[in-house]
Amino acid sequence: MKHAAHKASATRGAGGSSPTSRSTGATREAGIQGVDDVLAAKLNEVAPRTRRSIRLAAKASARRSHIMTGSALTVLVGAAASSMAVNQARGDWSLPMAGSVAINLVTPSSSAGYADASDSSRVSRSDYRQPLPTASQRNEGSWDLGESALDAGQMSKSSANNPAVAALMDADRSVLPAGFNPNHATGDVGNAYEFSQCTWWAYVRRHQLGLPVGSHMGNAKDWSGSARTLGYWVDDTPRNVGDIVVFQAGQEGSDSTYGHVAIVEKINPDGSIVTSECGAVMNGKTYSRTLTNVHALRYIHY
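Residues numbered from 1 in each chain as written. Predicted model: local features only at pLDDT ≥ 70, side-chain atom pairs only at ≥ 80, totals over all residues. Heavy atoms only, no water.

Peer 1: Break down the sheet that holds strand β8 (residues 273-276) for me, with residues and values.
Peer 2: Reading across from one edge, β5-β10-β6-β7-β8-β9 is the order of the six strands in this open sheet, with antiparallel pairing throughout. Only two strands of the sheet have a single partner each, and these edge strands are β5 (234-235) and β9 (290-291). By the bridge criterion, three bridges tie strand β6 (residues 244-247) to strand β10 (residues 298-300) in an arrangement that is antiparallel. Bridge pairing in β10 links Ile244 to Ile300. In the packing of helix α5 (residues 198-208) onto the sheet, contacts are made with β6, β7 (260-267), β8 and β10, and the angle to β7 comes to roughly 40 degrees. Across the sheet, helix α6 (residues 223-230) touches β5, β6, β7 and β10, and the angle it forms with β10 is around 40 degrees. (Pairing = 2+ DSSP bridges. Helix = DSSP H or I, 4+ residues; strand = E, 2+ residues; numbered from the N terminus. Contact = heavy atoms within 4.5 Å. Axes fitted to C-alpha atoms, helices over the stretch in contact; angles between N-to-C directions.)

In structure tokens:
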């Protein structure tokens, strides 16, 4: 009897449980399952984040920021457009700014010169002019350059490259031929004339005075024609010291074949001239004479 009871008890403990005990076991299992889900969520919250999850979270945050910024700009643009539409309907283009500051755009003027007759403080650009300063308000300047040793009266006004010619042209500017070119060809390549001849002296003296002269102008009687061909000013009036006097053959005692040339050294008040001259028999020395029949001769100026 004792053994039988023990067996029965063992059988119940092994697998033959009562309905009440099975119900209690199922309830315990359900409770354990619920605790496991909560615990898993907690573990997920504190678990280390992966790089992928961090990138995804950053992208999501950026998208939210862009959406919020776009929405804010849309609202601002809409508000500004509405304000401009209302102001245009009222004829007032003043736009409210932060701190109660407004920018007044130019509006068409009325006949009185104002956008609004009741508001004379607003004027169009064409209606408002800043008054010019009076004479007492302006700084009065002066062009006084102070003391200067430069004599403007001595400055040449001609375009001649030769300074001696430029000075003579300034003195003769009222009688210069129309279109005269002071920078014409001179024909000068050096003194090619025979020593002590009248042509030799004319070349030497012109160089002493800084005036141009040709090297191959022919016989003395031909000098006026040769000079005119090169562009020199030639006429029948002595005008300046240094003019070349041209004598035709036999004129005023000149050679009957070759003519003669001399240099004007002085023009007297009565119009007569004083010359300097040379000849083959003078051996390089010069002589002088006074001539009164001046307009019968030809003169090469420059």
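Peer 1: Give a detailed account of the pattern of salt bridges, specifying residues and quantitative values.
Peer 2: Inspection of every chain in the model, using the stated rule, returns three salt bridges. Arg289 is the salt-bridge partner of Glu277, the closest N and O atoms lying 2.7 Å from each other. Note that Glu277 is positioned in the loop between β8 and β9 and Arg289 in the loop between β8 and β9, a separation of 12 residues in sequence. Exposure remark for Arg289: the relative accessible area of 25% places this residue in the partly exposed category. (Salt bridge = Lys/Arg side-chain N within 4 Å of Asp/Glu carboxyl O. Buried < 20%, exposed > 50% of the residue type's maximum accessible area, 1.4 Å probe, protein only.)

Peer 1: Just give me the short version of the packing of aromatic side chains, but keep the residues and values in it.
Peer 2: Going through the model one piece at a time under the given rule, you end up with five aromatic pairs. Between Phe180 and Tyr302, the ring centres sit 6.0 Å apart and the planes meet at 65 degrees, which makes this aromatic pair edge-to-face. Pair noted here: Phe180 is in the loop between α4 (163-172) and α5 and Tyr302 is in the segment after β10, with a separation of 122 residues, a long-range link. Comparing Phe180 with Tyr302, the two get one shared label, buried. Aromatic side chains Tyr193 and Trp223 sit 5.4 Å apart centroid to centroid with 45 degrees between the ring planes, which places their arrangement in the tilted category. Of the two residues, Tyr193 sits in the loop between α4 and α5 while Trp223 sits in helix α6, which places them 30 residues apart along the sequence. With respect to burial, Tyr193 and Trp223 carry one shared label: buried. (Phe/Tyr/Trp six-rings, centres within 6.5 Å; stacked < 30°, edge-to-face > 60°.)

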